[in-house]
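Single-letter residue listing:
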Amino acid sequence: MAETAEELMRSRYSAFAVGDSEYLMATWHPRTRPRSVDASDLGWAGLEILDVVDGQSWQASGLVEFIARHRAGDLRERSVFERRAGRWFYVDAVTT
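Reading guide: rules and limits
- Residues numbered from 1 in each chain as written.
- Predicted model: local features only at pLDDT ≥ 70, side-chain atom pairs only at ≥ 80, totals over all residues.
- Heavy atoms only, no water.
- Core = buried A, V, L, I, M, F, W, Y, C linked by side-chain atoms within 4.5 Å.
- Buried < 20%, exposed > 50% of the residue type's maximum accessible area, 1.4 Å probe, protein only.
- Helix = DSSP H or I, 4+ residues; strand = E, 2+ residues; numbered from the N terminus.
- Contact = heavy atoms within 4.5 Å.
- pLDDT = per-residue confidence, 0-100.
- Pairing = 2+ DSSP bridges.
- Expected span 1.5 Å × (residues − 1).
- Arc of directions from axis to C-beta.

**Here we look at the nonpolar core**
Step number 1: Counting residues in each nonpolar core, the largest one holds 17 residues, and the members touching the most others are Met9 and Phe81.
Step number 2: Here this core gets 5 residues from one element, more than from any other, and that element is helix α1 (residues 5–18).
Step number 3: Among all residues touching Phe81, those that are not within four sequence positions of it are Ala5, Leu8, Met9, Arg12, Ala60, Ser61, Gly62, Val64, Trp88, Phe89, Tyr90 and Val91.

Structure follows, in structure tokens:
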């Protein structure tokens, strides 16, 4: 279980990289979770964390800005995370 928002961000990137849709759904906040997620695109090639705001184990929310490298091009995103019942969840994001 991720102790920080950044740890959850990294583990979710890894889930995308290996196609683990079940993990992605389990770590998505119930308020914003889609019915399904397709993680079959295995073209991910790297992750660079640019900024982390809050998201420590004692905090209720956090932001992680990153660049995810993909064979089709880079994705730059600022993701929002919340802690609920002691677990971190991905809420949503803004791409930049």
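Moving on from the coordinates now.
**Considerations on the confidence of the model for the protein**
Step number 1: Residues at a pLDDT of 70 or more form 100% of the protein, whose mean pLDDT is 96.
Step number 2: When the elements of the protein are averaged for pLDDT, strand β4 (residues 87–95) gives the smallest value, 95, and helix α2 (residues 21–26) the largest, 98.

**Considerations on the pairing of strand β1 (residues 44–54)**
Step number 1: Relative to strand β2 (residues 61–70), β1 is paired through 9 bridges, and the arrangement is antiparallel. When the sheet's bridge partners are listed, Val53 is paired in β2 with Leu63.
Step number 2: Here β1 hands over to β2 after 6 residues, with Gly55 in that stretch at a positive phi of 80°.

**Brief notes about α1**
Step number 1: Under the 1.5 Å per step criterion, the end-to-end length of α1 is 20 Å for 14 residues, consistent within 8% with the ideal 20 Å.
Step number 2: Every buried residue of α1 is accounted for by Ala5, Leu8, Met9, Arg12, Tyr13 and Ala15. Within α1, the buried residues cover an arc of 160° as seen down the axis, which keeps them to one side.
Step number 3: The inward-facing, buried residues of α1 abut α2, β1, β2, β3 (75–84) and β4.

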